[in-house]
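One-letter residues, chain by chain:
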Amino acid sequence: MMEMSDNGFWKYDEDLTLKVVEEYLASTYHQHYTSEESKVQVLDIIEAIGDGVPFCRDNLIKYSARFGKKNGYSKLDALKIIHYGILMYHFSGFHKEPTQSYNER
């Protein structure tokens, strides 16, 4: 049986983490290499040539490998790891697949 937290469900404060991730992701849209005239991001070009998944995988490796080594345990690096995981999920097309039960192993 799953241990309940004070909020009644999330044992490891995943709900709080998801809120922080959402705020971080929203903030990144003002940081990308785009202009007011062009809404194309470098990642759009990378995906257009078919390298979206490998690019995200490689960045996951980079930020995971340096986590705890560069500037200690960096919250920003942890958020980048999560962000590239979400992007890899997207570019892999998983969001287009039918919903399934995740309880089956």
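About the thresholds
- Residues numbered from 1 in each chain as written.
- Predicted model: local features only at pLDDT ≥ 70, side-chain atom pairs only at ≥ 80, totals over all residues.
- Heavy atoms only, no water.
- Helix = DSSP H or I, 4+ residues; strand = E, 2+ residues; numbered from the N terminus.
- Buried < 20%, exposed > 50% of the residue type's maximum accessible area, 1.4 Å probe, protein only.
- Contact = heavy atoms within 4.5 Å.
- Areas by Shrake-Rupley, 256 points an atom, 1.4 Å probe, with all protein chains shown as cover.
- pLDDT = per-residue confidence, 0-100.
- Core = buried A, V, L, I, M, F, W, Y, C linked by side-chain atoms within 4.5 Å.
- Salt bridge = Lys/Arg side-chain N within 4 Å of Asp/Glu carboxyl O.

(A) Main features of the overall build of the protein. Broken down by element type, the protein carries four helices and zero strands. Of the regular secondary structure in the protein, the N- to C-terminal order runs α-α-α-α. Buried residues in the protein amount to 23% of all 105 residues. For the protein, the proportion of contacts with a sequence separation of at least 24, taken over those separated by at least 6, is 49%. Surface summary for the protein: the accessible area is close to 8,500 Å², and the carbon and sulfur share equals 57%.

(B) Region of interest: the side chain of His-83. Positionally, His-83 belongs in helix 4 (residues 75-91). Apart from the residues lying within four places of it in its own chain, the contact partners of His-83 are Tyr-24, Leu-25 and Thr-28.

(C) Just the confidence of the model for the protein, in detail. Looking at the protein, the pLDDT average stands at 85 and 83% of residues meet or exceed 70. Mean pLDDT per element in the protein: helix 2 (residues 42-48) is the minimum at 92, and helix 3 (residues 52-66) is the maximum at 96.

(D) Spotlight on the nonpolar core. Ranked by size, the top nonpolar core spans nine residues in total: Leu-43, Ile-46, Cys-56, Leu-60, Tyr-63, Ile-81, Tyr-84, Leu-87 and Phe-91. Secondary structure elements with two or more residues in this core: helix 2, helix 3 and helix 4. Per element, the largest residue contribution to this core is four residues, and it comes from helix 4. With residues up to four places along the chain from it excluded, the contact list for Tyr-84 reads Phe-55, Cys-56, Asn-59, Leu-60 and Tyr-63.

(E) Inspection of the environment of Tyr-84 at higher detail. Within the fold, Tyr-84 resides in helix 4. Owing to a relative accessible area of 16%, Tyr-84 belongs among the buried residues under this scheme.

(F) Fine view of the pattern of salt bridges. Within the structure shown, the criterion is met by two salt bridges. When the shortest N-O distance is used, the salt bridge between Asp-58 and Arg-57 registers 3.0 Å. Residue Arg-57 is classed as partly exposed on the basis of its relative accessible area of 41%. Of the charged contacts in the structure, one is a salt bridge between Asp-77 and Arg-66, with a shortest N-O distance of 2.9 Å. Highlighted residues: Asp-77 in helix 4 and Arg-66 in helix 3, separated in sequence by 11 residues.

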